[in-house]
Amino acid sequence: MTSNGNRVVRTMPQVRNVLTIVSVLLLLIGITDAGAAAGDDLDRSRLVVKLAPTTGAPQKLSAGTTGRPSFDALVTGDGITELRQPISSLPATHHKAADALRNRLAEYVVIDVPVGRDADALKKQIEQLPDVEFVEYDVVVTITESQLTPSDPYFSSHQYPLRNTGIQPPADHGTAGADLSMEGAWDHTTGDTNVVLAIIDTGIDYDHPDLDSRIWYNTDEGTDGWDADSNGYISDFRGWNFYNHNNNIDDDHSHGSHCAGIAAAESDNGIGIAGMDWNCQIMVLKALGASGSGSATGVAAAMTYAVDNGADIVSMSLGSMSPSSVEQDAAEYAELNGVTIFAAMGNDDVGDPHYPAAFPEIIAVGGTDSDDNRAHPFCGSPGSNYGDYIDICAPGNWVWSTVPNGSYSYKCGTSMATPHAAGLGSLIKSLRPNYTPAEIRELMRAAADDQVGRVSEDTPGFDHYHGWGRINGRATLQALTTEFAPNLTVPGAQTVTELETLEFIVSAEDSNFTPVSLSSDTMANATFVDSGNGIGVFSVTPEITQQGVYDILFVASDGVDADSATVTITILDGCLCLHQADLDFSGVLDAVDLNALINVIFFNEPDIQDEGCPITRADLTCDGVADAVDLNYLIEHIFFNGPLPCDPCTL
């Protein structure tokens with residue numbers, strides 16, 4: 001962790017509990033300062049305070065107080081009246097980690113710095129309070145957008161991301177086939193109305209003829225001005241406005257409508273465009289204002305709302321060069337609850353981390369053009385960012401989609417790439433409702449088209465410019481609908497001596513990326529642990545008398561088909577006691593043998609060998625040390641006919 005002015009910088013991926021709060025930047029075709037660095041975007045008119053934890057769940061603000069004595073006293077004494085809790089606590093979900101994180105999110109409080117008050121001094125004063133964990137500045141980044149009116153609205157000529165014929169307006173060029181192969185993908189599924197895709201953005205034109213029937217409605221809420229479902233939001237019957245703190249989700253910018261159309265426009269309806277998913281519901285969460293900017297606290301609150309109200313997929317075409325603690329806490333909360341989040345890489349054509357995409361819980365999406373190359377420049381901004389945190393890429397340059405007032409327009413940026421990926425994510429969910437964020441990430445990576453861009457950038461396997469490749473809808477969904485048996489890999493024959501430990505790995509993979517479960521035969525003193533992701537670990541520590549040859553059957557199953565294989569394990573005799581044999585070949589166990597054993601135990605002479613069982617410095621009393629206790633056992637047996645220490649070996 002390093003200090004940078006008034007800000008603490010944390011490295012990825014251990015981003016936790018420090019750093020500046022992020023504002024939200026719409027990633028479209030132009031930004032006011034393409035080279036802005038982390039920390040240059042601090043909004044000193046607003047502080048985000050992380051309160052110290054207390055016993056029990058955090059409570060909602062009551063009469064402008066938090067229940068933290070030192071913090072409440074300072075706020076009251078300073079006359080601070082603008083105090084907000086962006087995310088309040090909810091009842092327990094019985095998921096220990098998620099509940100703990102949910103309570104942590106409820107400990108963030110936002111303060112608007114009073115006019116005329118020294119923000120740095122107030123920040124420093126609050127940081128010294130015992131009730132406060134840390135304080136961060138909020139960040140606001142404003143975008144500028146160029147205008148381009150297309151001449152032709154038809155799908156066949158305007159939506160190259162879905163069907164690239166090589167003639168792409170407005171520049172009338174492209175590479176045929178450099179697309180997402182969606183016509184082949186829709187043969188497998190066009191989506192499911194039970195899947196909910198949340199768009200966190202500038203809102204939506206909910207009357208648009210290509211969007212109006214897709215809007216998610218909160219059926220537990222009414223329109224009569226009260227909180228019928230007790231979720232903390234009044235009349236949130238079709239989403240919420242986290243920018244103005246009301247239920248007006250109307251798009252006063254156009255960016256949110258554009259992203260929504262890319263992901264899930266009404267399709268096969270004879271008008272307008274086709275979306276990636278034809279049937280999912282669009283949960284509209286407005287976190288950005290008319291200028292195309294907002295705060296990380298608003299975005300984090302929207303993410304948390306999406307999780308708590310049933311979203312399966314979240315698309316966020318926004319970000320900043322500065323990370324945010326509250327935003328990452330919300331991202332981790334989403335992952336723990338099985339909600340998959342896609343976020344844009346940014347448009348600065350740099351390799352610096354862009355947040356929230358750079359958080360490890362989020363699938364980071366880069367942008368390509370109609371030739372499958374990484375887009376740089378975009379139409380008005382430097383180009384798609386790159387770095388080791390990128391997962392996949394998708395078309396983002398000159399993308400045609402819905403905008404307010406029932407219209408359509410072009411926009412460019414990783415903003416446009418992200419809803420393409422999120423829309424494919426919702427199609428995956430329609431076929432595999434129980435898929436986790438990790439499984440969706442792995443499937444999209446594995447099915448992506450590799451080495452389709454510039455040779456210098458799109459190198460084999462993972463690269464910093466395209467991630468694992470440009471997503472392929474047909475390959476992704478075909479992998480889920482074509483059944484393949486898992487392929488099990490096991491080691492060859494294994495040998496172990498009694499009392500020693502043998503451990504080896506078995507693995508399996510499925511060509512359609514379906515999760516594989518592993519199992520094995522039972523065996524005394526053995527364990528088999530299915531570690532997940534097609535990896536299992538077998539371990540055995542055989543006891544005395546367990547020598548012999550064993551065939552252990554291992555099975556890999558994807559729930560439909562199975563593969564099996566056998567590993568032969570030979571256990572050698574590790575007997576630590578005397579067999580009925582004369583150690584000096586006289587046929588009598590006597591003082592000569594005792595003398596030989598004394599030399600072995602106390603004088604490090606070579607072990608006495610017998611064809612049936614070697615006598616070694618191994619401890620006859622099974623404590624791992626050859627010592628006088630062992631010798632006493634032997635003396636007792638040789639001279640006084642006492643029992644031997646190790647059953648069932650007898651003379």
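Structural notes, computed from the coordinates. (Residues numbered from 1 in each chain as written. Predicted model: local features only at pLDDT ≥ 70, side-chain atom pairs only at ≥ 80, totals over all residues. Heavy atoms only, no water.)

## So, the sheet that holds strand 21 (residues 517–520)
Across the sheet, which stays open at both edges, the 4 strands sit in the order 19-25-24-21 with mixed pairing between neighbours. If you trace the sheet from one side to the other, it starts and ends with strand 19 (494–497) and strand 21, each paired once. For this sheet, the mean inter-axis angle between neighbouring strands, taken without regard to orientation, is 25 degrees. Across 4 bridges, strand 19 lies against strand 25 (residues 562–572) in parallel orientation. Within strand 25, the residue paired with V496 across the bridge is I571. (Pairing = 2+ DSSP bridges. Helix = DSSP H or I, 4+ residues; strand = E, 2+ residues; numbered from the N terminus. Axes fitted to C-alpha atoms, helices over the stretch in contact; angles between N-to-C directions.)

## Focus on helix 7 (residues 296–308)
A turn of α-helix holds 3.6 residues, and therefore any two residues three or four places apart point the same way. Over its 13 residues, helix 7 extends 18 Å from the first C-alpha to the last, a length consistent with the 18 Å expected when each residue adds 1.5 Å. Extensive coverage of helix 7 is indicated by the burial of 12 of its 13 residues. Among all positions of helix 7, only A296, T297, G298, V299, A300, A301, A302, M303, T304, Y305, A306 and V307 are buried. In the stretch just after helix 7, G310 is the one whose phi turns positive, near 100 degrees. (Expected span 1.5 Å × (residues − 1). Buried < 20%, exposed > 50% of the residue type's maximum accessible area, 1.4 Å probe, protein only.)

## Some remarks on helix 9 (residues 414–431)
The first and last C-alpha atoms of helix 9 sit 26 Å apart over 18 residues, in line with the 26 Å expected at 1.5 Å per residue. Counting buried positions over the 18 residues of helix 9 gives 17, a clear majority of the element.

## Thoughts on the layout of surface pockets
There is about 570 Å³ of room inside the largest pocket. Along its surface, the largest pocket is lined by 23 residues, and R84, Q85, P86, F242 and H245 are the ones closest to its centre. Going through the elements one at a time, strand 4 (42–51), strand 11 (293–295) and helix 7 are the ones with two or more residues in the lining of the largest pocket. Considered class by class, the residues forming the lining of the largest pocket number 9 nonpolar, 10 polar and 4 charged. (1 Å grid on protein atoms, 1.4 Å probe; cavity = no way out; pocket = protein on both sides within 12 Å on 5 of 7 lines; lining within 4 Å. Points joined across faces, edges and corners; volume = space filled by probe spheres on them. Nonpolar A, V, L, I, M, F, W, Y, C, P; charged D, E, K, R; others polar.)

## What to know about the sheet that holds strand 14 (residues 363–368)
The strand order 9-10-8-12-13-14-15 describes an open sheet built from 7 strands, whose pairing is parallel. Bordering the open sheet on either side are strand 9 (240–241) and strand 15 (392–395), each of which pairs with just one other strand.

## Comments concerning the environment of G387
Locating G387 in the fold gives a position in the loop between strand 14 and strand 15. Judged by relative accessible area, which is 6%, G387 ranks as buried. Each C-alpha atom, one on G387 and one on H466, is 9.2 Å from the other, the two residues being 79 residues apart in sequence. If sequence neighbours within four positions are ignored, G387 has contacts with M345, G351, F462 and H464. (Contact = heavy atoms within 4.5 Å.)

## A closer look at unusual backbone geometry
Both trends apply: most residues other than glycine have a negative phi, and most peptide bonds are in trans. At the junction of Y355 and P356, the peptide bond is cis and its omega measures out at 10 degrees in the coordinates. As for its placement among the helices and strands, P356 is situated in the loop between strand 13 (340–344) and strand 14. P377 follows H376 through a cis peptide bond whose omega is 5 degrees. Summarising the element assignment, P377 is placed in the loop between strand 14 and strand 15. A positive phi angle is found at S235, which is not glycine, with a value near 55 degrees.

## Remarks on the nonpolar core
Note that soluble globular proteins tend to have their nonpolar side chains buried in a common cluster. Judged by nonpolar contacts, the single largest core of 48 residues is most densely connected at I200, M283, L285 and M316. The leading source of residues in this core is helix 7, at 8 residues. With near-sequence residues (within four places) excluded, M283 lies in contact with V196, L197, A198, I199, W216, Y305, A306, N309 and A311. Counting residues in hydrophobic clusters, the runner-up holds 41 residues, among them I204, Y206, L427 and L480. (Core = buried A, V, L, I, M, F, W, Y, C linked by side-chain atoms within 4.5 Å.)

## Structural notes on the pairing of strand 14
Counting buried positions along strand 14 gives 6 out of 6 residues, so the element sits mostly inside the fold. Side-chain alternation along strand 14 places I363, V365 and G367 on one buried face and A364, G366 and T368 on a second face that is also buried. Across 3 bridges, the pairing between strand 13 and strand 14 is parallel. Each bridged residue has a counterpart across the sheet, and for A344 the counterpart in strand 14 is V365. Here strand 14 pairs with strand 15 via 4 bridges, running parallel. Residue T368 lies in a different strand from strand 15, and its bridge partner there is P395.

## Thoughts on the packing of aromatic side chains
In the structure shown here, the tally under the stated rule is 16 aromatic pairs. Ring geometry for W398 and Y410: centres 6.0 Å apart, planes at 85 degrees, overall edge-to-face. Placement of the pair is W398 in the loop between strand 15 and strand 16 (399–403) and Y410 in strand 17 (residues 407–411), with a sequence separation of 12 residues. Judged by relative accessible area, W398 falls into the partly exposed class, the value being 27%. Judged by its relative accessible area of 4%, Y410 is buried. When the ring of F504 is compared with that of F554, the centres are 5.9 Å apart and the planes differ by 75 degrees; the resulting orientation is edge-to-face. Taken together, the residues F504 in strand 20 (residues 502–509) and F554 in strand 24 (residues 548–557) connect sequence positions 50 residues apart. The burial state of F504 is the same as that of F554; both residues are buried. Here a set of aromatic residues connected by ring pairs shows up, and it is made of Y233, W240, F242 and Y305. Over the face of the ring belonging to Y137 we find R44, whose NZ or CZ atom lies 4.9 Å from the ring centre. Against the face of Y206 rests R238, its NZ or CZ located 3.7 Å from the ring centre. (Phe/Tyr/Trp six-rings, centres within 6.5 Å; stacked < 30°, edge-to-face > 60°. Lys NZ or Arg CZ within 6 Å of the ring centre and 35° of its normal.)

## Some words on the environment of T190
With respect to the secondary-structure elements, T190 resides in the loop between helix 5 (182–185) and strand 8 (196–201). Relative accessible area serves as the criterion here: at 22%, T190 is assigned to the partly exposed category. Each C-alpha atom of the pair T190 and S267 lies 9.3 Å from the other, and the pair is 77 residues apart in sequence. Polar side-chain contacts of T190 include one of 3.0 Å to the side chain of N279. (Polar contact = N/O pair within 3.5 Å; in protein donor to acceptor, adjacent residues only side chain to side chain.)

## Looking at the pattern of salt bridges
Opposite charge on two side chains lets them pair, provided their charged atoms get close. On inspection of all chains with the given rule, the structure shows 18 salt bridges. Linking D112 and R84 is a salt bridge whose minimum nitrogen-to-oxygen distance equals 3.2 Å. Taken together, the positions of D112 in strand 6 (residues 108–112) and R84 in strand 5 (residues 83–84) put the pair 28 residues apart, joining distant regions of the chain. On the basis of relative accessible area, D112 is assigned to the partly exposed category, the value being 22%. Residue R84 is classed as partly exposed on the basis of its relative accessible area, which comes to 23%. With a shortest N-O distance of 2.6 Å, D391 and R445 are connected by a salt bridge. Residue D391 is found in the loop between strand 14 and strand 15, and its partner R445 is found in helix 10 (residues 437–447); the two are separated by 54 residues along the sequence. A residue is classified by how much of its surface remains accessible, and D391, at 2% relative accessible area, is buried. (Salt bridge = Lys/Arg side-chain N within 4 Å of Asp/Glu carboxyl O.)

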